Amino acid sequence: MEEKQKDIIILAIESSCDETSIAVVKNGREVLSNIISSQIDTHKFFGGVVPEIASRKHIEVIDIVLDEALKQANKTLADIDAIAVTYGPGLVGALLVGVSYAKSLAYTLKKPLIPVHHIEGHIYANYIDNKELQPPFISLVISGGHTHIVYVEDYGKFKILGKTRDDACGEAFDKVARTIGLSYPGGPEIDKLAKMGDKNAIPLPRVMIDTDDYDFSFSGLKSAVLNFVNKSKMTNISFKNEDLAASFQQAVADVLVFKTIKACKDTGLKTLTLAGGVSANSFIRETVKEACDKENIKLSIPSLKLCTDNAAMIGCAGYYEYLKGNFATLDLNAYPNLKLDNIAM
Ligand code: KG4
Ligand code: ZN
């Protein structure tokens, strides 16, 4: 009789920005628990994430988050096979809380420690919601800190085809939101407002759409929005925030779609995945879906909870690193600027 393979249970920790999250993940793609404690209400008051406060808040809640993650998964620490943790990129103080916590757990439990790249985690969120998904595929990573078109060759093997030359896509959403008086994080606010606006009302540039590469630039678009708002104020011409939000989203989506579909066509890959916080945007989800349907490209987008920061995606990536035996020693550090195609292990 064939022996059943032992389940691999990974405890994963994510603390790279303003979410303290711990998850228990079975065999890479089955999420037993995914607890997320968000600090948004604290940082909202300052209009953005305050790094020092973020680190302190992670320390305050991480024990409680761990207890809840184990409880929901109906597991104890004795059931855990390995500890996965985000070790970069992100805010160094915030990352260090998760890394130190993971190291002490690995040491006490005598279990392997698995270092995970945060963006690798975002991409792997797709494996959780789409059980059939296998590399190779193209991934459009759009988060608060990154905008990349990535060629995912295999598990743990990435080639960055293009990226933003300045601001990240999410950063542009947050800055534009701030310009029109919306609270942090601005992405979800713009998303809501845009539903009531006219996307053709305000002419905005499609920056770098004509360049023969896969790169982006969002700072020019952000400046164009700022100039439009200032000029309108000076000339006493009123506009609707709803129209600005919708026109901005359309300008972002046009460039994202054009360059990503070009990457799929040029590489001949027929599968595209979205990843990162901005892939929670309803208009971008819709627009990319329409373009993929037209081009006969299979699209995978994580569920909303798995688009923004969470530890389940780190547990999924951790599992595939576990299979390869990519373990860290207890002198693992946090790397705020860690690159995806140059994982520093
Ligand atoms: O991936 P994420 O949670 O953290 C980083 O790794 O950066 O992304 C956060 C970003 C923020 O800029 C936030 O405004 C944006 O994702 N975001 C959205 C939406 N939900 C979150 N942007 C547009 N529309 C949304 N619905
Ligand atoms: Zn993230």
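Residues numbered from 1 in each chain as written. Chains lettered and ligands numbered in written order. Predicted model: local features only at pLDDT ≥ 70, side-chain atom pairs only at ≥ 80, totals over all residues. Heavy atoms only, no water.

So, unusual backbone geometry
The peptide bond linking Gly-88 to Pro-89 adopts the cis configuration, its omega dihedral lying at -10 degrees. Along the chain, Pro-89 turns up in the loop between strand S4 (82–88) and helix H3 (92–109). The omega torsion across Pro-135 and Pro-136 is 5 degrees, close enough to zero to call that bond cis. Here the phi dihedral of Asn-236 falls at roughly 55 degrees; this positive angle occurs in a residue that is not glycine. With respect to the helices, strands and loops of the structure, Asn-236 is situated in the loop between helix H7 (219–234) and helix H8 (241–267). (Helix = DSSP H or I, 4+ residues; strand = E, 2+ residues; numbered from the N terminus.)

What to know about the site of ligand 1
The environment of ligand 1 is made up of 19 residues, and the closest members are His-122, Gly-144, Asp-174, Asp-191 and Gly-277. Within the contact set of ligand 1, a nitrogen atom lies 3.0 Å away from a side-chain nitrogen or oxygen of Asn-281. Taken by itself ligand 1 offers 550 Å² of open surface, and the protein chains cover 88% of this. Mapped by element, the contributors of at least two residues to the shell around ligand 1 are helix H4 (118–129), helix H5 (169–179) and helix H6 (186–194). When the residues that make up the shell around ligand 1 are grouped by side-chain class, the tally is five nonpolar, 11 polar and three charged. Residue contributions to the shell around ligand 1 reach at least three from each of two domains, namely domain 1 (9–124 + 307–343) and domain 2 (133–301). (Near = heavy atom within 4 Å. Polar contact = N/O pair within 3.5 Å; in protein donor to acceptor, adjacent residues only side chain to side chain. Areas by Shrake-Rupley, 256 points an atom, 1.4 Å probe, with all protein chains shown as cover. Nonpolar A, V, L, I, M, F, W, Y, C, P; charged D, E, K, R; others polar. Domains from an automatic or database assignment.)

Side note on the packing of H7 against H8
Here H7 crosses H8 at 160 degrees, and the two axes come no closer than 11 Å. The angle between H7 and H8 falls in the class roughly antiparallel. The handedness of the crossing between H7 and H8 is right-handed. Here Leu-221, Val-225, Phe-228 and Val-229 of H7 lie close against H8, whose contacting residues are Leu-244, Phe-248, Ala-251 and Val-252. By residue class, the composition of the contact of H7 with H8 is eight nonpolar, no polar and no charged. (Axes fitted to C-alpha atoms, helices over the stretch in contact; angles between N-to-C directions. Parallel < 35°, antiparallel > 145°, perpendicular 65-115°, else oblique. Left-handed = near helix turned anticlockwise from the far one by under 90°. Contact = heavy atoms within 4.5 Å.)

Here's the deal with the packing of aromatic side chains
Taken as a whole, this structure holds 15 aromatic pairs when the rule is applied. Ring plane angle 85 degrees and centroid distance 5.8 Å describe the contact between Tyr-87 and Tyr-335, whose orientation is recorded as edge-to-face. Of the two residues, Tyr-87 is situated in strand S4 and Tyr-335 in the segment after helix H11 (312–324); the sequence distance between them amounts to 248 residues. Consider the rings of Phe-216 and Phe-218, whose centres lie 5.9 Å apart with planes at 20 degrees: the pair is stacked. Residue class for Phe-216 comes out buried when judged on its relative accessible area of 0%. Among the aromatic residues, those joined into a ring-pair cluster are Tyr-124, Tyr-127, Phe-137, Tyr-155, Phe-158, Tyr-319 and Tyr-320. (Phe/Tyr/Trp six-rings, centres within 6.5 Å; stacked < 30°, edge-to-face > 60°. Buried < 20%, exposed > 50% of the residue type's maximum accessible area, 1.4 Å probe, protein only.)

Some thoughts on the coordination of the zinc ion (ligand 2)
Taken together, His-118 (NE2), His-122 (NE2) and Asp-309 (OD) make up the full set of protein donors to the zinc ion (ligand 2), lying 2.0 to 2.1 Å away. For the zinc ion (ligand 2), the four donor atoms in the first shell make angles of 96 to 131 degrees at the metal, a pattern classed as tetrahedral. Counting the intervening residues between successive donors of the zinc ion (ligand 2) yields the motif H-x3-H-x186-D. Of this pair, His-118 and His-122 both sit in helix H4, separated by four residues, roughly a single helical turn. (Donors = N, O, S within 2.8 Å, 3.2 Å for Na, K, Ca; no water. Tetrahedral: all angles 85-135°; square planar, octahedral: opposite > 155°, others 65-115°.)

Overview of the sheet that holds strand S7 (residues 147–154)
One open sheet accounts for five strands, arranged S8-S7-S6-S9-S10; its pairing is mixed. The open sheet has two edge strands with one neighbour each: strand S8 (157–163) and strand S10 (298–300). Neighbouring strand axes in the sheet, compared pairwise and without regard to direction, differ in orientation by 25 degrees on average. Two elements, strand S9 (residues 271–275) and S10, share three bridges in a ladder whose sense is parallel. Paired with Thr-273 across the two strands is Ser-300, which belongs to S10. (Pairing = 2+ DSSP bridges.)

Considerations on the side chain of Thr-260
Topologically, Thr-260 is positioned in helix H8. Using a relative accessible area of 2% as the deciding quantity, one classes Thr-260 as buried.

Some words on the nonpolar core
With 46 residues, the main nonpolar core has Cys-169, Phe-173, Leu-204, Phe-248, Val-252, Leu-256 and Ile-284 as its most contacted residues. When contributions to this core are tallied by element, the ones reaching two or more residues are strand S6 (137–142), H5, H6, H7, H8, S9 and helix H9 (282–295). Take this core: its biggest share by element is 13 residues, from H8. In terms of nonpolar packing, the next biggest core, distinct from the first, is built from 34 residues, Val-25, Tyr-127, Leu-306 and Tyr-319 among them. (Core = buried A, V, L, I, M, F, W, Y, C linked by side-chain atoms within 4.5 Å.)

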